[in-house]
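# Inside the fold
The primary structure of each chain is shown beneath.
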Amino acid sequence: MKSFLVGIAVLMLSVAGIAATFAASNARAVQIAAPSAWFKRYGALIAAAVLVIESLFAVHLLGIMAGVFVVLSAWMIGGLFFIYAVNAWPVMSMRFALIGGGVGVVGAALTTLIS
């Protein structure tokens, strides 16, 4: 059960990191989604911070091999669905990604408290 909760929390956190990476890029859909200026400017740093934080969280709770695997899988799965969603609904995808990141932070905190 703990590994499932960690996986969900990491997946939600990774969506926020993927959105930050997307906001820092020069893709055509970024202009349509219109993220804020600070999100565009610091998107790569936010994504790196999210990756480090969720890696530390997952490795702490699951171990080195499982933690790294869960984080890499979450970034791949989250990125796949984010790209599909952002091409269809750019504005709503960015909003959902930020909300999902908040849910991921809460889930990570609760999972850490539980275990």
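Residues numbered from 1 in each chain as written. Predicted model: local features only at pLDDT ≥ 70, side-chain atom pairs only at ≥ 80, totals over all residues. Heavy atoms only, no water.

### Some points on a nonpolar patch on the surface
The cut-off we apply is this: The patches reported here contain residues having more than 30% relative accessible area and no salt bridge. Joining distances are 9 Å for like charges and 5 Å for nonpolar side chains (Val, Leu, Ile, Met, Phe, Trp, Tyr). Computed by Shrake-Rupley with a 1.4 Å probe, the accessible areas treat only the displayed protein chains as cover when residues are assessed. Any carboxyl oxygen of Asp or Glu within 4 Å of a side-chain nitrogen of Lys or Arg constitutes a salt bridge here. Strands are runs of DSSP state E lasting at least 2 residues, helices are runs of H or I lasting at least 4, and numbering of each runs from the N terminus. Burial classification: accessible surface area is computed with a 1.4 Å probe over protein chains only, and a residue below 20% of its type maximum counts as buried, one above 50% as exposed, and the rest as partly exposed.
On the surface, Ile-64, Met-65, Val-68, Leu-72, Met-76, Ile-77, Leu-80, Phe-81 and Tyr-84 cluster together to form a nonpolar patch covering roughly 1000 Å² of accessible area. Within the secondary structure, Val-68 is located in helix α5 (residues 64-88). Owing to a relative accessible area of 40%, Val-68 belongs among the partly exposed residues under this scheme.

### Re the nonpolar core
Put simply, the rule is: Among buried residues, the Ala, Val, Leu, Ile, Met, Phe, Trp, Tyr and Cys ones that are joined through side-chain atoms within 4.5 Å form a nonpolar core. Contacts between residues were defined by any pair of non-hydrogen atoms, one from each residue, lying within 4.5 Å.
Ala-19, Phe-22, Phe-39, Phe-82, Met-94 and Ala-97 are the most contacted members of the largest nonpolar core, which totals 15 residues. Put simply, the parts of the chain that give this core at least two residues each are α1 (2-24), α2 (28-33), α5 and α6 (90-114). Here this core gets six residues from one element, more than from any other, and that element is α1. Phe-39 has contacts with Ala-19, Ala-20, Ala-23, Ile-46, Met-94 and Leu-98, leaving out every residue within four places of it along the chain.

### Side note on the side chain of Ser-93
Filter applied, for reference: Polar contact is the term for a pair of N or O atoms within 3.5 Å; when the atoms are in protein, one must be able to donate a hydrogen and the other to accept it, and sequence-neighboring residues count only if both atoms are side-chain atoms.
Position of Ser-93 relative to the elements: it lies in helix α6. Within the structure, the side chain of Ser-93 is placed 3.0 Å from the backbone oxygen of Ala-85, a separation counted as a polar contact. Apart from residues no more than four positions distant in its own chain, Ser-93 is found in contact with Phe-82, Ala-85 and Val-86.

### Some remarks on the environment of Thr-112
Relative to the helices and strands, Thr-112 is located in helix α6. Residue classification places Thr-112 among the partly exposed positions, given a relative accessible area of 37%. For Thr-112, the contacting residues outside a window of four places in its chain are Phe-57 and Leu-61. Of note is the side chain of Thr-112, whose polar atom sits 2.8 Å from the backbone oxygen of Ala-108.

### Quick look at the environment of Phe-69
Assignment of secondary structure puts Phe-69 in helix α5. For Phe-69, a relative accessible area of 58% gives the class exposed. Along the backbone, Phe-69 and Gly-7 are 62 residues apart, and their C-alpha atoms lie at a distance of 10.0 Å.

### Some remarks on the packing of aromatic side chains
This is how it is decided: Note on aromatic contacts: the rings of Phe and Tyr and the six-membered ring of Trp form a pair at centre separations within 6.5 Å, being stacked when their planes are under 30 degrees apart, edge-to-face when over 60 apart, and tilted otherwise.
Counting across every chain of the model gives two aromatic pairs. Aromatic side chains Phe-22 and Phe-82 sit 5.5 Å apart centroid to centroid with 70° between the ring planes, which places their arrangement in the edge-to-face category. Remark: Phe-82 occurs in helix α5 and Phe-22 occurs in helix α1; sequence separation between them is 60 residues. Their ring planes at 65° and their centres at 5.5 Å tell us that Trp-38 and Phe-39 sit as a pair that is edge-to-face. A relative accessible area of 5% means that Phe-39 is categorised as buried.

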